[in-house]
Amino acid sequence: MTMSFLNPVTTQTWTNGRHLVRCVKVIQETWDTRTFCFMAEQPVMFFFKPGQFVTLELEIDGQQVMRSYTISSSPSVPYSFSITVKRIPGGMVSNWLHENLGVNDELAVHGPVGNFNVIDYPADKVLMLSGGVGITPLMSMARWFFDTNAAVDLQFVHSARTPRDIIFHRELEHIFSRIPEFGLHIVCERSDQLGDAWAGFRGYLGLPMLELMVPDLMEREIFCCGPTPYMAAIKQLLRGKGFDMSHYHEESFGATPLAVQETVIEHVEQAEAEAEELDVADMISVEFRQSGKSVRIQPGDTVHTAAAKLGLHIPKACGMGICGTCRVPLTAGQVDMDHNGGITDDDVAEGYILSCCSKPLGDVVVEY
């Protein structure tokens, strides 16, 4: 790489949207986890809030697939960014990435976005709780604190299945051995594998163990990420302790909770019943100008629902207004957009909406 690559005149700053990047390095973190490092062909300063994520745009077996992954690197290393992916049995995307994505391969990413980050919730005393590959956003945060010499009292508690499953083990020990205000605690569920010597905490993280590690946990801003059962247990533990949950923040791409699934089913059944009573005159027109198609939908349906009814594929990953993948221009009409940080104020001012969470308030026209 020549120094001309870093010419500040030609260097761009990363903004939420679609970007082409190239894989420049693949790191084997553990036996089933790899880190993929990316750069842009034209110099880009990858500034983001530690804890945010990107959405990969992939083609697998001829099918377009979108999948979100947390950025594990820190914005203090600005000319590249990394994601860390654990191979999951039966996981279509994780297996494809491990088997197919290599150095010099190109792909499109959308982002960065996400409300789970340490910039928006500053605190002098922080507790990070992670389980398994849920360590990735917290590693980005810890790297940021370390690289910027942040005046933060940080306690980091990570749970892994066995010693060989500890992601970023060496780097964690390096970081936390150099700053007295940083404390590292690793828990292994078991160490019964051949050659897995372990002298640290064992079993499952519970309140007595956590209080032993972090006696002042009630005074800290808590960031948590891991499998759904792990985070449910952590929340139950903290609530039982009387922790002020307004200081608790979590991120998860796990399975949809059963209660949420049941609620969705109830909403569908209710919508079907209401549809039978709905007057056609009350329905809303959604026109997709570029495609030359239009459809009438029920009040409360989203722009994305309208597109799907017409067979139009607007790329979508999260479906909750987080990732920003489904951003489209609204050229006429108004919508009620209930997003979760996936679109900027500047985008809204320019007329963009997120189709997954935008409900037309009347007839609308979308440029798609």
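Quantities reported herein were computed from a predicted structural model and do not represent experimental measurements.

Draft legend 1. Structural view of the layout of surface pockets. Counted as a void, the second largest pocket has a volume near 350 Å³. Lining the second largest pocket we find 19 residues, and of these Ile27, Cys37, Ser73, Ser82 and Arg143 sit closest to its centre. Breaking the lining of the second largest pocket down by element, the ones donating at least two residues are strand 2 (17–30), strand 3 (33–39), helix 2 (135–147) and helix 3 (169–178). A per-element tally of the lining of the second largest pocket places strand 2 first, with four residues. For the lining of the second largest pocket, the class distribution of residues is eight nonpolar, six polar and five charged.

Draft legend 2. Inspection of the sheet that holds strand 13 (residues 221–225) at higher detail. Pairing in this open sheet of six strands is parallel, and the strands run 12-11-10-9-13-14 from one edge to the other. Every interior strand has two partners, whereas the edge strands, strand 12 (201–202) and strand 14 (248–251), have only one. For strand 11 (residues 182–188) and strand 12, the ladder comprises two bridges, and the chain directions are parallel. Note on strand 12: the bridge partner recorded for Val187 is Phe201.

Draft legend 3. Molecular detail of the pairing of strand 13. When you tally the buried positions in strand 13, you get five out of five residues, the bulk of the element. In strand 13, alternate side chains face the same way, and those of Glu221, Phe223 and Cys225 on one face and Ile222 and Cys224 on the other are all buried. Where strand 9 (residues 125–131) lies against strand 13, five bridges are found, and the strand directions are parallel. Bridge pairing links Leu129 to Cys224 in strand 13. Bridge analysis of strand 13 against strand 14 gives four bridges, and the strand direction is parallel. Note on strand 14: the bridge partner recorded for Ile222 is Tyr248. The handedness of the strand 13 to strand 14 crossover, carried by helix 5 (residues 228–241), is right-handed.

Draft legend 4. Structural context of the packing of helix 2 against helix 3. Relative to each other, helix 2 and helix 3 sit at 35 degrees, their axes nearing to 11 Å. Between helix 2 and helix 3 lies a crossing whose hand is left-handed. On helix 3, the residues that touch Ile135, Met139, Arg143 and Phe146 of helix 2 are Glu171, Leu172, His174, Ile175 and Arg178. Of the residues in the contact of helix 2 with helix 3, the class split is five nonpolar, one polar and three charged.

Draft legend 5. Expanded view of the packing of aromatic side chains. Scanning the entire structure with this criterion turns up eight aromatic pairs. Both rings, one in Trp14 and one in Phe81, keep their centres 5.0 Å apart while their planes meet at 25 degrees; by these two values the pair is stacked. Of this pair, Trp14 sits in the loop between strand 1 (12–13) and strand 2 while Phe81 sits in strand 7 (residues 81–86), placing them 67 residues apart in sequence. Note on Phe81: relative accessible area 0%, which makes it buried. By way of ring pairs, the aromatic residues Trp14, Phe38, Phe46, Phe48 and Phe81 are connected into one cluster. The ring of Phe168 carries the charged tip of Arg143 above its face, separated from the ring centre by 4.9 Å. Lying across the ring of Tyr352, Arg327 places its NZ or CZ 4.1 Å from the centre.

Draft legend 6. The sheet that holds strand 17 (residues 327–332), seen in detail. Strand order in the open sheet formed by five strands is 16-15-21-17-19, with mixed pairing between adjacent strands. Pairing within the sheet leaves two strands with one partner each, and these edge strands are strand 16 (293–297) and strand 19 (352–354). On average, adjacent strands in this sheet sit at an angle of 35 degrees to one another, irrespective of strand direction. Pairing analysis gives three bridges linking strand 15 (residues 284–288) to strand 21 (residues 364–366), with the strands arranged parallel.

Draft legend 7. Representation of helix 5. Between its terminal C-alpha atoms helix 5 stretches 20 Å, which fits the 20 Å expected from 14 residues at 1.5 Å a residue. Along helix 5, the residues classified as buried are Tyr230, Met231, Ile234, Leu237 and Leu238. Projected down its long axis, helix 5 shows its buried positions confined to an angular sector of 120 degrees, all on one face. Facing away from the buried side of helix 5 by over 90 degrees, the exposed positions are Pro229, Gln236, Arg239 and Gly240.

Draft legend 8. A look at helix 3. Buried within helix 3 are the following residues: Leu172, Ile175 and Phe176. Projected down its long axis, helix 3 shows its buried positions confined to an angular sector of 85 degrees, all on one face. Turned more than 90 degrees off the buried face of helix 3, the exposed positions are Arg170, Ser177 and Arg178. Looking at the packing, one finds that the buried side of helix 3 touches helix 2, strand 10 (153–160) and strand 11.

The rules we used
- Residues numbered from 1 in each chain as written.
- Predicted model: local features only at pLDDT ≥ 70, side-chain atom pairs only at ≥ 80, totals over all residues.
- Heavy atoms only, no water.
- 1 Å grid on protein atoms, 1.4 Å probe; cavity = no way out; pocket = protein on both sides within 12 Å on 5 of 7 lines; lining within 4 Å.
- Points joined across faces, edges and corners; volume = space filled by probe spheres on them.
- Helix = DSSP H or I, 4+ residues; strand = E, 2+ residues; numbered from the N terminus.
- Nonpolar A, V, L, I, M, F, W, Y, C, P; charged D, E, K, R; others polar.
- Pairing = 2+ DSSP bridges.
- Buried < 20%, exposed > 50% of the residue type's maximum accessible area, 1.4 Å probe, protein only.
- Right-handed = clockwise from strand over helix to strand, strands pointing away.
- Axes fitted to C-alpha atoms, helices over the stretch in contact; angles between N-to-C directions.
- Left-handed = near helix turned anticlockwise from the far one by under 90°.
- Contact = heavy atoms within 4.5 Å.
- Phe/Tyr/Trp six-rings, centres within 6.5 Å; stacked < 30°, edge-to-face > 60°.
- Lys NZ or Arg CZ within 6 Å of the ring centre and 35° of its normal.
- Expected span 1.5 Å × (residues − 1).
- Arc of directions from axis to C-beta.

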